[in-house]
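Architecture and fold: a report
Read off the chains here:
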Amino acid sequence: MVNPSVNPSVHPSVNLFDLSSRRILITGSNGGIGLSIAQGLAQHGAQVILNGRDAAKLEAAAQSLRQNGLEVETSRFDVTNETEVDTAIAELLETGPIDVLVNNAGIQRRVSLEQVTLETWNEVLTTNLTSAMLVSRPVARHMIARGQGKIINICSLMSGLGRATTGPYTAAKGGLKMLTQAMCADWAKHNLQINAIGPGYFETEMTAPLVADEKFNAWVCGRTPANRWGKPQELVGAAVFLASNASNFVNGQILYVDGGMFAVL
Ligand code: NDP
């Protein structure tokens, strides 16, 4: 039974998108899409916690946001390492609640399925899928005890579509879509909202080889109804929506932000 005093959806809010009292952990946010989402959430008033494995990159990312007057903490851990995750989350919870978790950390290894090694398969599955369970588990226990919380999983077009040479990634992102729905099944009754964002093709370090590949670049621009790559800051609107009271009755969904690619053959 949800306590109405902690369920903001029963109280008309002046600004449904206000994030000013929210502390948000974004995994894999020392660069790329994660850092853009973190910056955007912080610009909407959130206190953000950046994460990644590379400590120097993490500190540089935090400094870049602090220089703009944004409130930033850092937490260095590997999302695939159960002990590191549990220790880091426990430490973060000693200094305050986690209101929103964004499971963003991910990797891509392009290889066809008849060539893939078990090591690569496991690396991609563990980083893109198992990690979301590992990080969400201790965070959700805390959110369930509070009677509120939001989790946003960063999926992909490959959560619903296949593409040659992305087998491990497609299996992982398809699994992440279903994990989003499974989390909804287990946790929605505790007033947790678990949703996903499905980015189309965005220019980041991960996609740099594709942007540089003339043929692939032309394919992306031709195949995307908007005729271009996305800019990471264009994911901020969806993240603000899913992190805020505006989405309090939205659960188990993927919001595609892809210039129309998933909608059109
Ligand atoms: P980047 O390679 O630019 O960034 C990946 C981030 O994840 C880095 O901050 C990296 O930091 C972190 N990371 C990787 N492995 C781990 C780990 N084991 N533990 C903690 N952090 C880790 O990728 P993008 O920004 O492009 O991608 C971000 C997310 O968006 C991914 O989930 C990706 O699948 C998804 N996505 C991206 C698309 C795109 O077009 N770019 C399209 C659709 C989805 P560090 O190396 O320091 O650990």
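Our subject in this report is the structure included herewith. (Residues numbered from 1 in each chain as written. Predicted model: local features only at pLDDT ≥ 70, side-chain atom pairs only at ≥ 80, totals over all residues. Heavy atoms only, no water.)

Turning our attention to the overall build of the protein chain. On a plain count of helices and strands, the protein chain comes out with eight helices and seven strands. Taking 2.2 N^0.38 as the reference for a compact globule, 265 residues should give roughly 18 Å; the C-alpha atoms of the protein chain span a radius of gyration of 18 Å, in line with that estimate. Summarising its shape, the C-alpha atoms of the protein chain cover approximately 55 × 40 × 40 Å along the three principal directions. Within the protein chain, the proportion of its 265 residues that are buried is 48%. Restricting to contacts in the protein chain with at least 6 residues of sequence separation, those with at least 24 account for 73%. Element-wise, carbon and sulfur atoms account for 54% of the exposed surface of the protein chain, whose accessible area totals about 12300 Å². Here the protein chain contributes 20 positively and 22 negatively charged side chains, and the mean placements of these two sets differ by 6 Å. (Helix = DSSP H or I, 4+ residues; strand = E, 2+ residues; numbered from the N terminus. Rg over C-alpha atoms; globule rule 2.2 N^0.38 Å. Buried < 20%, exposed > 50% of the residue type's maximum accessible area, 1.4 Å probe, protein only. Contact = heavy atoms within 4.5 Å. Areas by Shrake-Rupley, 256 points an atom, 1.4 Å probe, with all protein chains shown as cover. Lys, Arg positive; Asp, Glu negative; His and termini not counted. Charge placed at Lys NZ, Arg CZ, Asp CG, Glu CD.)

What follows covers the side chain of Ser 247. With respect to the helices, strands and loops of the structure, Ser 247 is situated in the loop between helix 8 (236-243) and strand 7 (254-257). What makes Ser 247 buried here is its relative accessible area of 0%. Among residues more than four places away in sequence, those in contact with Ser 247 are Lys 150, Gln 193, Phe 241 and Leu 242.

Here the structure, examined in full by the defined rule, presents zero disulfides. The structure places no disulfide on Cys 184, whose sulfur is separated from the nearest cysteine sulfur, that of Cys 155, by 13 Å. Residue Cys 184 is classed as buried on the basis of its relative accessible area of 19%. (Disulfide = S-S within 2.5 Å.)

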